[in-house]
Amino acid sequence: MDVTTRQLGNVLVVALQGRIDQATAEQLRLTLEPHIASCSVDAPLILDFSGISYISSVGLRVLMLAARQVTAQHGQMAIVGLQPVVREIFQISRFDMVFKIHESVATAAAALATPAT
Amino acid sequence: MIVRFWGTRGSIPVSLTSEHIRHKLIAALTGAAGQRLDTAGAIEHYVDSLPFAVRGTYGGHSSCLEIQRDNGQYGDTHILFDLGSGARALGQALLARHGKTPQTYHVFMSHLHWDHVMGFPFFAPAYIPGNRIIIHSGHAEVAAAFAQQQDHPGFPVGFEHLGAQIEFDIVEPGRRLAITDFFITMKKQRHGGDSYGWRLECDDRVVVYSTDSEHRLEDTDERKRFAEFFADADLVVFDAMYSLADAVSVKADWGHSSNIVGVELCQLAAARHLVLFHHEPAHDDAQIAQVLDETRRFEALTRDGRALEIISAYDGLEVSL
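None of these values were measured; they are calculated from a predicted model.

**Regarding the overall build of chain B**
Line of reasoning, step 1. Looking only at helices and strands, one finds ten helices and 14 strands in chain B.
Line of reasoning, step 2. The C-alpha atoms of chain B give a radius of gyration of 20 Å, which matches the 20 Å a tight globule of 321 residues would have.
Line of reasoning, step 3. Dimensions of chain B, computed from the C-alpha atoms along their principal axes, are close to 60 × 50 × 40 Å.
Line of reasoning, step 4. A total of 321 residues make up chain B; the buried ones form 45% of that total.
Line of reasoning, step 5. Taking the contacts inside chain B whose residues are at least 6 apart along the sequence as the reference set, 74% of them involve residues at least 24 apart.

Here it is in structure tokens:
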């Protein structure tokens, strides 16, 4: 799994590429750890999944733990660019109800910049 | 081998309400509009063509299974898994088959939570002298649990009044039991107070009964051990009570698993059939049918080799292997 990061204003975008499964889930956890720790309402995090072709249950669990930590520290996080297969996996596992999911980095960044009402 | 499901619901029995039945009738009659249903045959054909969630129900009894060798004979030795509320109807069926002719029942318990033992006081063969019931369990307190649920003031007939000869066999994990032509092994599972899965082999067929079992997704060794326990099974009966999202968040440590993990483990184990079992009591038939459709879709999306057949258990289901 390949990872790249870029700053978009106050938003950090973490772009992931490859498969998230038993072999790479721990790498995902370690990759996200510092970014989750610094995620806040003023410094939102976007996970760009457009390069992810598959995610297994163990990978979804890593995302759940990240989401819970972000919520606990009142941060903001969104996922963007789900490929069709991954989108279905999110739906079937009900992870689409856990995350704010957007089509693109631009729409997610705009949504995260809008104060919640 | 025939696997017969007498109870399939998780945690507590449920029953259809009048409103549920009304919805089913409305759906069926709506679909019938414009069709010519003027003979019994045409009506039966139409009813059989309806989706299962409309024409039937996944049922509401708690866990109870019966295994039968597929030799056309019932014999006098029976294999059962768990004694949830489904054991009442099973007991009636056994009486109808065998009357008061002495029979031997081997019951393999997943654990002793109430939804898995509550049918025993209503299991008619337990009241018939000459019958022998051997309850196999990984829990040392199994005898006390069965006696306790019939103690005053919980039940009017004390355990000591049961007419059958009742024995308890405390099983150590790894011990291989041989009962007639069945060979059975047990595996400890993650659940409050522990639970045990059972792997049964007979006539080159393998059935795994693995309910009330939570899986730690990050534990690679545990995953491997379960894949070995499920290896090449013809049928895996699997606790699919929660969605994966619930199982790893608000319902983590509640001792249950999900459809997603069931598919992944069965794929890893090269199992042939997965039976979604221990249904969430809050789910109606339409929701259980939706989970089944989605699970089949997930299997198709993630398939890497032979297809895994997936079915959803219901009270009255029979699977021939």
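So much for the structure itself; the text now carries on.
**Digging into the nonpolar core**
Line of reasoning, step 1. Residues B:Leu65, B:Val207, B:Phe230, B:Val236, B:Val237, B:Leu274 and B:Leu276 are the most contacted members of the largest nonpolar core, which totals 115 residues.
Line of reasoning, step 2. Apart from residues no more than four positions distant in its own chain, B:Leu274 is found in contact with B:Val236, B:Phe238, B:Gly262, B:Val263, B:Cys266, B:Leu308 and B:Ile310.

**Side note on helix H10 (residues 285–302) of chain B**
Line of reasoning, step 1. When the terminal C-alpha atoms of H10(B) are compared, their 26 Å separation across 18 residues agrees well with the 26 Å that a helix rising 1.5 Å per residue should span.
Line of reasoning, step 2. Contacts from the buried residues of H10(B) go to helix H3 (84–92) of chain A together with helix H3 (52–55), helix H9 (259–269), strand E12 (273–277) and strand E13 (309–312) of chain B.

**Remarks on the sheet that holds strand E3 (residues 77–81) of chain B**
Adjacent strands of a sheet form backbone hydrogen bonds with each other and so pair up, either parallel or antiparallel.
All names here are of chain B.
Line of reasoning, step 1. One open sheet holds the seven strands; their spatial order is E6-E5-E4-E3-E2-E1-E14, and the pairing between them is mixed. The sheet is open, and its two edges are formed by strand E6 (165–170) and strand E14 (318–320), each paired on a single side. Adjacent strand axes in the sheet meet at a mean angle of 20° when their direction is disregarded.
Line of reasoning, step 2. Inspection of the sheet shows strand E2 (residues 64–68) paired to E3 by three bridges, in the antiparallel sense. Along E3, the bridge assignment pairs Glu66 with Leu80.
Line of reasoning, step 3. In this fold helix H4 (residues 86–98) packs onto strand E1 (2–7) and E2, with an angle of close to 125° to the strand it touches most, E1.

**Observations concerning the pairing of E12(B)**
All names here are of chain B.
Line of reasoning, step 1. Within E12, four of the five residues are buried, leaving the element largely enclosed by the surrounding structure.
Line of reasoning, step 2. Of the pairings in the sheet, the one linking strand E11 (residues 235–239) to E12 comprises four bridges and is parallel in character. Each residue of the ladder has a partner; that of Val237, found in E12, is Val275.
Line of reasoning, step 3. Where E12 and E13 come together, four bridges link them in parallel fashion. By the bridge assignment for E13, Leu274 is matched with Ile310.
Line of reasoning, step 4. Note that the unit made of E12, H10 and E13 has a crossover that is right-handed.

**Description of the sheet that holds strand E2 (residues 11–20) of chain A**
Residues and elements named next belong to chain A.
Line of reasoning, step 1. Strand order in the open sheet made by the five strands is E1-E2-E3-E4-E5, with mixed pairing throughout. The strands lining the two open edges of the sheet, one partner per strand, are strand E1 (2–8) and strand E5 (100–102). On average, each strand axis in the sheet is inclined to that of its neighbour by 25°, with strand direction left out of account.
Line of reasoning, step 2. Looking at chain direction, strand E3 (residues 45–55) and strand E4 (residues 77–80) are connected through four bridges and run parallel. Counterpart to Asp48 in the pairing with E4 is Val80.
Line of reasoning, step 3. Packing of helix H4 (residues 105–113) onto the sheet brings it into contact with E1, E2, E3, E4 and E5, and relative to E4 it is tilted by some 160°.

**Examining the domain arrangement of chain B**
Line of reasoning, step 1. According to the domain assignment, chain B consists of domain 1 (2–14 + 63–320) and domain 2 (22–52).
Line of reasoning, step 2. Computed from C-alpha coordinates alone, the two centres of domain 1 of chain B and domain 2 of chain B are separated by 34 Å.

**A short note on H4(B)**
Residue and element names in this part refer to chain B.
Line of reasoning, step 1. Given a rise of 1.5 Å per residue, 13 residues ought to cover 18 Å, and the 18 Å separating the end C-alpha atoms of H4 matches this to within 8%.
Line of reasoning, step 2. For H4, every residue scored as buried is listed here: Gly86, Ala87, Arg88, Leu90, Gly91 and Leu94.
Line of reasoning, step 3. Buried-residue contacts for H4 involve E1 and E2.
Line of reasoning, step 4. Just beyond H4, the residue with positive phi is Gly99, at close to 60°.

**Topic: the interface of chain A and chain B**
Line of reasoning, step 1. Across the boundary between the two partners, chain A contributes 17 residues, which contact 16 residues of chain B.
Line of reasoning, step 2. Contributions of two or more residues to the side of chain A that touches chain B are made by helix H2 (57–72) and H3 of chain A.
Line of reasoning, step 3. Sorting elements by how many residues they give to the side of chain A that touches chain B places H2(A) first, with six residues.
Line of reasoning, step 4. Tallied by class, residues from the side of chain A that touches chain B come to nine nonpolar, four polar and four charged.

**Thoughts on the environment of B:Val261**
Line of reasoning, step 1. Here B:Val261 shows up in helix H9.
Line of reasoning, step 2. Each C-alpha atom of the pair B:Val261 and B:Leu217 lies 8.4 Å from the other, and the pair is 44 residues apart in sequence.

About the criteria used
- Residues numbered from 1 in each chain as written.
- Chains lettered and ligands numbered in written order.
- Predicted model: local features only at pLDDT ≥ 70, side-chain atom pairs only at ≥ 80, totals over all residues.
- Helix = DSSP H or I, 4+ residues; strand = E, 2+ residues; numbered from the N terminus.
- Rg over C-alpha atoms; globule rule 2.2 N^0.38 Å.
- Buried ≥ 20, exposed ≤ 12 C-beta atoms within 10 Å, placed from the backbone.
- Contact = placed C-beta atoms within 7 Å.
- Core = buried A, V, L, I, M, F, W, Y, C linked by C-beta atoms within 7 Å.
- Expected span 1.5 Å × (residues − 1).
- Pairing = 2+ DSSP bridges.
- Axes fitted to C-alpha atoms, helices over the stretch in contact; angles between N-to-C directions.
- Right-handed = clockwise from strand over helix to strand, strands pointing away.
- Domains from an automatic or database assignment.
- Nonpolar A, V, L, I, M, F, W, Y, C, P; charged D, E, K, R; others polar.

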